[in-house]
Amino acid sequence: MAILVSPRFLPFLNSRDPRHFRRTGTHCYSAAVSSLARSEREKSGTAILWFKHDLRIDDHPGLLAASRFPNVIPLYVFDRRILSRFSDELLQLVLVAVEDLRNSLLKHGSNLMIRFGNAEYAIQELVKEVKATDIVAEAEVEYGVLRLMDIVEETLASVTSLERTPKLLLWRTPFYDINDLKDLPASYQDFTRFHLPQTSLLMPPTLPGLDVELDWGPLPTFDDVKKFINVNPYGKRESWSSIKELSAEIAFQKRFDQHEPLNSLSKGLELSKSRDSKPNSFSDDQMDRRRPQRTFFVTREGNSIGGGTKAILNALAAYFRYLEGTTSDDWQEVHEKLRNAKSRVGASFGALFGPALHLGIISRRRVYYESIKYEKERNAGFRSPFSYPAAMVTAVVDTICSMEWYWLSALKSQISNNGTHSACIWRWRGSLIHYTVVGDKGPTVLLVHGFGAFLEHYRDNIYAIANSGNRVWAITLLGFGKSEKPITGYTELMWAELLRDFIVEVVGEPVHLVGNSIGGMCIVLRGYIVAILAGLWPCLAKSSILINSAGNVNPSYIPRPLSKERPLLGPAWLGARLLLRFLRLRIRSIVKNCYPIKPERADDWLIDEMIRASYDPGVLVVLESIFSFNLSIPLNFLLKGYEEKVLVIQGMRDPISDSKSKLAMLREHCAGVTITELDAGHCPHDEKPEEVNSIICDWVTALETCNIP
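## Re the pairing of strand β1 (residues 46-51)
For β1, the tally of buried residues reaches six of six residues, placing the bulk of the element in the interior. Both faces of β1 are covered, namely the face carrying Thr46, Ile48 and Trp50 and the face carrying Ala47, Leu49 and Phe51. For β1 and strand β2 (residues 71-78), the ladder comprises six bridges, and the chain directions are parallel. If you follow Leu49 over to β2, its bridge partner there is Pro74. The handedness of the β1 to β2 crossover, carried by helix α2 (residues 61-66), is right-handed.

## Here's the deal with the sheet that holds strand β3 (residues 113-116)
Strand order in the open sheet made by the five strands is β3-β2-β1-β4-β5, with parallel pairing throughout. Strand pairing shows two members of the sheet lacking a second neighbour, β3 and β5 (167-171), which therefore form its edges. Taken over all neighbouring pairs, the strand axes of this sheet differ in orientation by 30 degrees on average, direction set aside. Here β1 runs beside strand β4 (residues 134-138); their pairing, made up of four bridges, is parallel. Residue pairing across strands places Ile48 opposite Ile135, the latter belonging to β4.

## Concerning a nonpolar patch on the surface
A grouping of Trp573, Leu574 and Leu578 is seen on the molecular surface, where their side chains present a nonpolar patch of about 320 Å² in accessible area. Look at Leu578 and you get exposed, because its relative accessible area is 54%.

## Remarks on the state of the cysteines
What we call a disulfide is simply a covalent bond connecting the sulfur atoms of a pair of cysteines. Evaluated as defined, the whole model comprises zero disulfides. In this structure Cys683 is a free cysteine whose sulfur lies 5.4 Å from that of Cys594, the closest cysteine sulfur available.

## A word on the sheet that holds strand β6 (residues 424-428)
With mixed pairing, the eight strands of this open sheet are ordered in space as β6-β7-β9-β8-β10-β11-β12-β13. In this open sheet, the two strands that pair with only one neighbour each are β6 and β13 (674-678). The average undirected angle you get between the axes of adjacent strands in this sheet is 20 degrees. Bridging between strand β12 (residues 646-651) and β13 involves five bridges; their strand directions are parallel. Across the sheet, the residue bridging to Leu647 is Thr674, located in β13. Contacts from helix α27 (residues 689-706) reach β8 (444-448), β10 (511-516), β11 (541-547), β12 and β13, with the element oriented near 155 degrees to β11.

## Things to note about the side chain of Arg102
In this fold, Arg102 is placed in helix α4 (residues 88-107). No salt bridge forms around the buried Arg102; measuring N to O, its nearest opposite-charge neighbour Asp215 is 7.3 Å away. From its side chain, Arg102 meets the backbone oxygen of Leu112 in a polar contact 2.6 Å long. Apart from the residues lying within four places of it in its own chain, the contact partners of Arg102 are Asn111, Leu112, Ile114, Trp216, Gly217, Pro218 and Leu219.

## Observations concerning the packing of aromatic side chains
A full pass over the atoms with the stated rule returns 25 aromatic pairs. Ring geometry for Tyr176 and Phe191: centres 5.1 Å apart, planes at 80 degrees, overall edge-to-face. Residue Tyr176 is located in the loop between β5 and α7 (188-192), and its partner Phe191 is located in helix α7; the two are separated by 15 residues in the primary sequence. Exposure remark for Tyr176: the relative accessible area of 9% places this residue in the buried category.

## Things to note about unusual backbone geometry
Its identity is not glycine, yet Asp59 carries a phi of approximately 50 degrees, on the positive side. Checked against the element boundaries, Asp59 lands in the loop between β1 and α2. A relative accessible area of 0% places Asp59 in the buried class.

## Overview of helix α13 (residues 309-320)
Compared with an ideal rise of 1.5 Å per residue, which puts twelve residues at 16 Å, α13 spans 17 Å between its outermost C-alpha atoms and is within 8% of the ideal. Taken residue by residue, α13 has Thr309, Ile312, Ala315, Leu316, Ala317, Ala318, Tyr319 and Phe320 as its buried positions.

## Side note on the pattern of salt bridges
Side-chain pairing between opposite charges can occur once the charged atoms of the two side chains come close. Under the criterion given, the structure shown has 31 salt bridges. Residue Asp59 pairs with Arg365 through a salt bridge whose shortest N-O separation is 2.4 Å. On the criterion of sequence distance, the pair formed by Asp59 in the loop between β1 and α2 and Arg365 in helix α16 (residues 364-378) is long-range, its members being 306 residues apart. When the shortest N-O distance is used, the salt bridge between Glu691 and Lys688 registers 3.8 Å.

## Focus: the side chain of Asn548
Within the element layout of this structure, Asn548 appears in the loop between β11 and α21 (570-593). Among the polar contacts made by the side chain of Asn548, one reaches the main-chain amide nitrogen of Gly651 at a distance of 2.7 Å. Here Gly681 takes part through its backbone oxygen, which lies 3.4 Å from a polar atom of the side chain of Asn548. Sequence-distant contacts of Asn548, defined by excluding residues within four places in its chain, comprise Asn516, Ser517, Ile649, Gln650, Gly651, Asp654, Gly681, His682 and Pro684.

## Quick notes on the packing of helix α5 (residues 119-130) against helix α6 (residues 143-157)
As a packed pair, α5 and α6 sit with axes 9 Å apart at the nearest point and diverge in direction by 40 degrees. It follows from the interaxial angle that α5 and α6 lie oblique. As for the relative orientation of α5 and α6, their crossing is right-handed in sense. Residues Ala119, Glu120, Tyr121, Ile123, Gln124 and Val127 of α5 form the contact with α6, whose participating residues are Leu148, Ile151, Val152, Thr155 and Leu156. Looking at side-chain class alone, the contact of α5 with α6 contains eight nonpolar, two polar and one charged residues.

## Quick look at the confidence of the model for the chain
Taken residue by residue, the chain gives an average pLDDT of 82. The fraction at 70 or more is 80%. Segment residues 1-43 is flagged for pLDDT under 50; beyond a separation of four residues in sequence, or across chains, it makes 122 contacts in the model. The model gives residues 271-282 a pLDDT under 50, and that stretch makes 26 contacts with residues more than four places away or in other chains.

## Topic: the environment of Leu168
Looking at the secondary structure, you find Leu168 in strand β5. Classification of Leu168 by relative accessible area gives buried; the value is 8%. As a C-alpha pair, Leu168 and Ile135 span 33 residues in sequence and 4.8 Å in three-dimensional space.

## Examining the environment of Leu499
Tracing the sequence through the fold places Leu499 in helix α19 (residues 492-507). Judged by its relative accessible area of 0%, Leu499 is buried. Separated by 51 residues in sequence, Leu499 and Val448 have C-alpha atoms that sit 8.8 Å apart. Leave out the neighbours within four places in its chain, and Leu499 touches Leu446, Val448, Ile475, Leu477, Ile529 and Leu533.

Calculation criteria
- Residues numbered from 1 in each chain as written.
- Predicted model: local features only at pLDDT ≥ 70, side-chain atom pairs only at ≥ 80, totals over all residues.
- Heavy atoms only, no water.
- Buried < 20%, exposed > 50% of the residue type's maximum accessible area, 1.4 Å probe, protein only.
- Helix = DSSP H or I, 4+ residues; strand = E, 2+ residues; numbered from the N terminus.
- Pairing = 2+ DSSP bridges.
- Right-handed = clockwise from strand over helix to strand, strands pointing away.
- Axes fitted to C-alpha atoms, helices over the stretch in contact; angles between N-to-C directions.
- Patch = residues over 30% accessible without salt bridge, like charges linked within 9 Å, V, L, I, M, F, W, Y side chains within 5 Å.
- Areas by Shrake-Rupley, 256 points an atom, 1.4 Å probe, with all protein chains shown as cover.
- Salt bridge = Lys/Arg side-chain N within 4 Å of Asp/Glu carboxyl O.
- Disulfide = S-S within 2.5 Å.
- Contact = heavy atoms within 4.5 Å.
- Lys, Arg positive; Asp, Glu negative; His and termini not counted.
- Polar contact = N/O pair within 3.5 Å; in protein donor to acceptor, adjacent residues only side chain to side chain.
- Phe/Tyr/Trp six-rings, centres within 6.5 Å; stacked < 30°, edge-to-face > 60°.
- Expected span 1.5 Å × (residues − 1).
- Parallel < 35°, antiparallel > 145°, perpendicular 65-115°, else oblique.
- Left-handed = near helix turned anticlockwise from the far one by under 90°.
- Nonpolar A, V, L, I, M, F, W, Y, C, P; charged D, E, K, R; others polar.
- pLDDT = per-residue confidence, 0-100.

Put into structure tokens, the structure is as follows:
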């Protein structure tokens, strides 16, 4: 739901429970588009081809489907509800890609109509103008974009002047030959056993023109787009969003320098504006001056590869030929960026090409075929398993297949959600994050799971807390459960920033944070992440509820600079693989040990889901992070000045830590913290949900009644 803010800012987008989507287009996308592309059905009517995150004409099934109509209007809408979630760098990439898309369409006998405003109104007006009969658009998985598409359907259905309501025909790029997504296995291990063939690439067709004279709209500048985004009809939100600009490292340093927490929104914003960093906004003249004549790095920051599809393909060729040498300036630039990128094989690909894949400037299927093509050309028509270039190609292919798996799983969760909780998807830094929300009014509570767990670990807490008059959110963090597990550096600071952005972008208001740690698998952590978030950005947290949290108390702590970048050591690589094997063999006994009072709560469902997630692509990278976690920041430092808003729920039979000693230290050095002891193990919320639910609800009610700022 990345385009959503909160009921306070965009009320109509959050007006529905996510379980109540009609999503008729999503249910029929495969049949609708395939039949449309194959048949010689009606030769009358006009189709609107709505571009969103598919800014290309290469390998574009929607383009092929639309070409069967006698009249086609390609359309891109600059909708602030989508653009406001983008960084300045991503906005620059969008502008360059839209310009290239228009030029490509012109070469194929068409054009790209550009509009500003709400997509539903822009499409409605265009439907009336050209008497469109169908709208062709890519299937989506993000909740916010799904909601937007639902609003488009509702808006068109409400227009009485149309002869018939236009159909929304949804398509996707079928990387694998899957007839029905409902047959997609839940486990990646089972999925790989199918050995499904990859489908073929699609060449761009020639699009028919339109006899009617139309205003196609000018290409906007970066300044135009920024001004448009900042004029927010739903309320001033700039100050709230700017909290994201304060990184965890800078927030920690500022907190240390000032010796006090950021207890208010205004303090957090002051630090955001005063931080030692580059200005966040810049003009088109600055962009032009900073952009070399020949470069793949078209943004001021120069972190990601951008341009049109041809430029991305050229940069990909340079990426594969890293060790072959080149005299080309633009290829040398790619090689230089690659040398400075993360040392882990495959991580550089996501860092450099991830935004282009996210915006659909190039398809995952095209990257896969280019990888195989290069490897065969390098080895006289055969794929070699040896050499560093082969390792890079393998890493790229694995990354692409991993992205496709998580996207298919997310898409399946949208069309066949049979779980206890509604399945929602939010995209964070290009990766898909699962979450759910229950309740539409009352204080906001955010539940954060433990290491190795997922949002469903709060299976008996979510509805119970919501039924007591609260709005409850639960999230599966990056690297766990059904959320994506990209090749990146996983640190406690990265997860804290993820929670920060989720609160700002999705929830949209300060929350009561609840964090637990299922450290019986590896290491206690998640309650610690909640403590870091509350300590660095307390303006986002009304209170913190730490359930058997990690973290120590150290009154003589001397802060040291922190960094999200952690080097990958050889022992971590080996240790992660040994640990994974051990966990798969012993997971049942390990988890049951965390439930000493009610071992039956460590049931088959919980164990099976943990084992299923352990076979997901990328899980080894997450486990490697265990060996670089920094748990040195003590709770007394993080919670200083915030103690009266902290509730500690401690299962006294926790096999992971010495509960009595820990509570004694908290009472001595964190005066004001409220402590509740329970006769339970490491996961009291799941072992004794009724007791924990009552404690949480009473705590939230008391704070809300007292109206503690």
